[in-house]
Amino acid sequence: MLDLNYVRENLEHVRSALGKRGVVPESLDDFAAADAQRRRIILESDQLNAERNASSREIGALMKAGSSAEAEARRKQVGELKDRIAELDRLRDEAETRMGDLLSSLPNIPHESVPAGKDESDNVEVRRWGTKPEFDFEPKDHVDLGTALGILDLDRAAKIAASRFAILNGSGARLERALINFMLDVQTREHGYAETLPPFIVNEKSLFGTAQLPKFAEDLFKLQDDRELYLVPTAEVPVTNYYREEILDASQLPMRWAAYTPCFRSEAGSYGKDTRGVIRQHQFEKVELVKYALPENSYDELESLTRDAEDILQRLGIHYRVVALSTADLGFGSAKTYDIEVWLPAQNTFREISSCSNYEAFQARRAQIRFRRAGGAKPEFVHTLNGSGLAVGRTWIAVLENYQQADGSIQIPEALRPYMGGLDKISRQ
C-alpha cells in the first residue's frame, strides 16, 4: 500500500507514475475528494470543540453568578454541539476508511530504473547465460517426452481432479523431489538463506498483507470454512507475513528465507492459455526466496536474490535470460521486477521460470512490518522482496526438453545425480 501522506502531498506525481503503468488512477480523484472532505470535517470539529470548551467555561461562570436559567440554556447548546461533534467524528472515520480502501486498490509506484512501456513487448533483456542446446533430431515437448517415458499422466490427473492437474510417476516424481532438495540445499548451504516450512493455508489478513486480496480474490482457492481461509498461491504469503504487526531491530536485517510449498491458483482469466502440459497448473511446487531488507539496501538485495535464483539454472547447465519488466508488465505490488526466462527447445522460445521483485515498503505497510534503528529511533517499514528459486514444475520441464536424447530418454544433469541416487538417465518405465 502507498503511504497516505506521500500520496496526499504528491498527488500529481503519483498520478503520473501510475499512468506509466497503464493504470487510469480515477480513484486518485476520489482519494483527493475524500481527503478534502476529511480536512473540512476536522476543521469544523476543531471549531465546535473550541466553542464547546468556551461554553463550558461560561456555564461555570453563570452558575457562580446564580444565573441558573441562562446556564441551563447554555447546557442545551453544548449538548447540541456534542451531538454534532459526534456526527463529525463518524463522518471523519468514514472518510478515512474510504481513503484507506482507495489506497489499497492502487498499485505500487515503479522504481525510476524500470523501463517505461505499454505492454510486455517493452520489457528489456538484461543478460543471457549459456547457449541453446543443439539437436540432430526434432526435439519433443515435455508432454510427449513424459508420456512416452511413463513419468507424466495428465489424463488420469484430470479424471481424479480436473484439467490443469498432473501426476508424476517413478523417475518423474523423483526428479521433482530431487529438484526441490537441490534448490533448498543450494540456497541454504551456500547463499545464506534460512529454510522454513510454513503453513500451506493462510488467512485473509495474510493475503491482504502481500496484496493478493482484495484485488486478486478470483485467482485464489478459498476453503468452505467460516474462518475465511485460503490455500497458498505462493510461499511469499506465509513467509512475508511471519513478522506481521511486529517491530524488528535493524540489526536483524537483512533476513533471508527459502521455503518449499505447493502452490494453488485458479488461473482465472487464463483459460485457453498454456493449456498443454504442466506450464500453467492449478497445483504446482516452488522454492520461494523471501527477504526483509533495510530500505537503503533493498535494491542490492534484489540483485543478489536474482543471482541466487539464476545460480540454480547455471548449475543445471540450462540456457536462460534475465528480463527487466517494463512499467506496463509489473505485478501489482512490485516496484521493480526481473523475470528469469528459461529456454524451452520444443517451443523455440524463452518462458518465465522466476520473477524476482522488490516491493519496497508496499507490502510492509499493508502488513505493518517495521524495524527500529539504534538509539530508540522512530520505527520504519522494512522493504520486502521475493522471487522463485525456482518454479519446480517449469524447471522439471526445462530438464526434460533440454536434456532429451534421440531415443526419447532424458539425461540427468550432473548436479542432480546425487539427488537421484546416482541415476544418470531416465528411460522408459
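This report concerns the structure included in the present document. (Residues numbered from 1 in each chain as written. Predicted model: local features only at pLDDT ≥ 70, side-chain atom pairs only at ≥ 80, totals over all residues. Heavy atoms only, no water.)

### Details of the overall build of the protein chain
From N to C terminus, the protein chain includes twelve helices and 17 strands. For 429 residues, the compact-globule estimate of 2.2 N^0.38 gives 22 Å, and the C-alpha radius of gyration of the protein chain, at 28 Å, exceeds that figure by more than 25%. C-alpha extents for the protein chain along the principal axes are approximately 110 × 45 × 40 Å. Taking contacts inside the protein chain between residues at least 6 apart in sequence as the whole, the part at least 24 apart equals 73%. Of the roughly 20,400 Å² of accessible surface on the protein chain, 46% is carried by carbon and sulfur atoms. (Helix = DSSP H or I, 4+ residues; strand = E, 2+ residues; numbered from the N terminus. Rg over C-alpha atoms; globule rule 2.2 N^0.38 Å. Contact = heavy atoms within 4.5 Å. Areas by Shrake-Rupley, 256 points an atom, 1.4 Å probe, with all protein chains shown as cover.)

### Structural notes on the packing of helix α7 (residues 171–189) against helix α12 (residues 392–402)
Put simply, α7 and α12 touch, their axes get as near as 10 Å, and they point 115° apart. Here the hand of the crossing between α7 and α12 comes out right-handed. Here G172, L175, E176, L179, I180 and M183 of α7 come into contact with α12, specifically with V392, G393, T395, W396, V399 and L400. Taken together, the residues of the contact of α7 with α12 sort by class into eight nonpolar, three polar and one charged. (Axes fitted to C-alpha atoms, helices over the stretch in contact; angles between N-to-C directions. Left-handed = near helix turned anticlockwise from the far one by under 90°. Nonpolar A, V, L, I, M, F, W, Y, C, P; charged D, E, K, R; others polar.)

### Quick notes on unusual backbone geometry
P214 follows L213 through a cis peptide bond whose omega is 5°. In this model, L253 is joined to P254 through a cis peptide bond whose omega is 5°. Considering the arrangement of structural elements, one finds P254 in the loop between β7 (246–249) and β8 (255–264). Residue N348 is not a glycine yet carries a positive backbone phi of 55°. Within the secondary structure layout, N348 lies in the loop between β11 (336–344) and β12 (349–358).

### Some details on the packing of aromatic side chains
Here the structure, examined in full by the defined rule, presents eleven aromatic pairs. Between W257 and Y292, the ring centres sit 5.0 Å apart and the planes meet at 85°, which makes this aromatic pair edge-to-face. With W257 in strand β8 and Y292 in strand β9 (residues 283–293), the pair connects residues that are 35 residues apart, well separated along the chain. Exposure class is identical for W257 and Y292. Each is buried. Chaining the aromatic ring pairs together yields one cluster made of Y242, Y243, W257 and Y292. The ring of F208 has R366 lying over it, and the distance from NZ or CZ to the ring centre is 4.1 Å. (Phe/Tyr/Trp six-rings, centres within 6.5 Å; stacked < 30°, edge-to-face > 60°. Buried < 20%, exposed > 50% of the residue type's maximum accessible area, 1.4 Å probe, protein only. Lys NZ or Arg CZ within 6 Å of the ring centre and 35° of its normal.)

### Some points on the side chain of T261
With respect to the helices and strands, the residue T261 is situated in strand β8. If sequence neighbours within four positions are ignored, T261 has contacts with P198, F200, V232, T234, A235, F284, E285 and K286.

### Details of α12
Given 3.6 residues per turn, any residue in an α-helix points the same way as the ones three and four places further on. Among the eleven residues of α12, eleven are classified as buried, and the element is accordingly described as predominantly covered. For α12, the set of buried residues is V392, G393, R394, T395, W396, I397, A398, V399, L400, E401 and N402.

### Notes on the sheet that holds β9
Spatially, the eight strands line up as an open sheet ordered β1-β10-β11-β12-β15-β9-β8-β4, and their pairing is mixed. Each edge of the sheet is formed by a strand with only one pairing partner; in this case those strands are β1 (124–129) and β4 (194–196). Within this sheet the neighbouring strands show an average axis-to-axis angle of 25°, counted without direction. Examined bridge by bridge, β9 and strand β15 (residues 383–391) share seven bridges and lie antiparallel to one another. Within the sheet, the bridge partner assigned to A293 lies in β15 and is H383. Lying on the sheet, helix α10 (residues 298–316) is in contact with β1, β8, β9, β10 (320–324), β11, β12 and β15; it crosses β15 at an angle near 5°. (Pairing = 2+ DSSP bridges.)

### Considerations on a nonpolar patch on the surface
Taken together, the side chains of L197, F200 and I201 define a hydrophobic patch exposed on the protein surface, amounting to about 280 Å² of accessible area. Judged by its relative accessible area of 32%, F200 is partly exposed. (Patch = residues over 30% accessible without salt bridge, like charges linked within 9 Å, V, L, I, M, F, W, Y side chains within 5 Å. Salt bridge = Lys/Arg side-chain N within 4 Å of Asp/Glu carboxyl O.)

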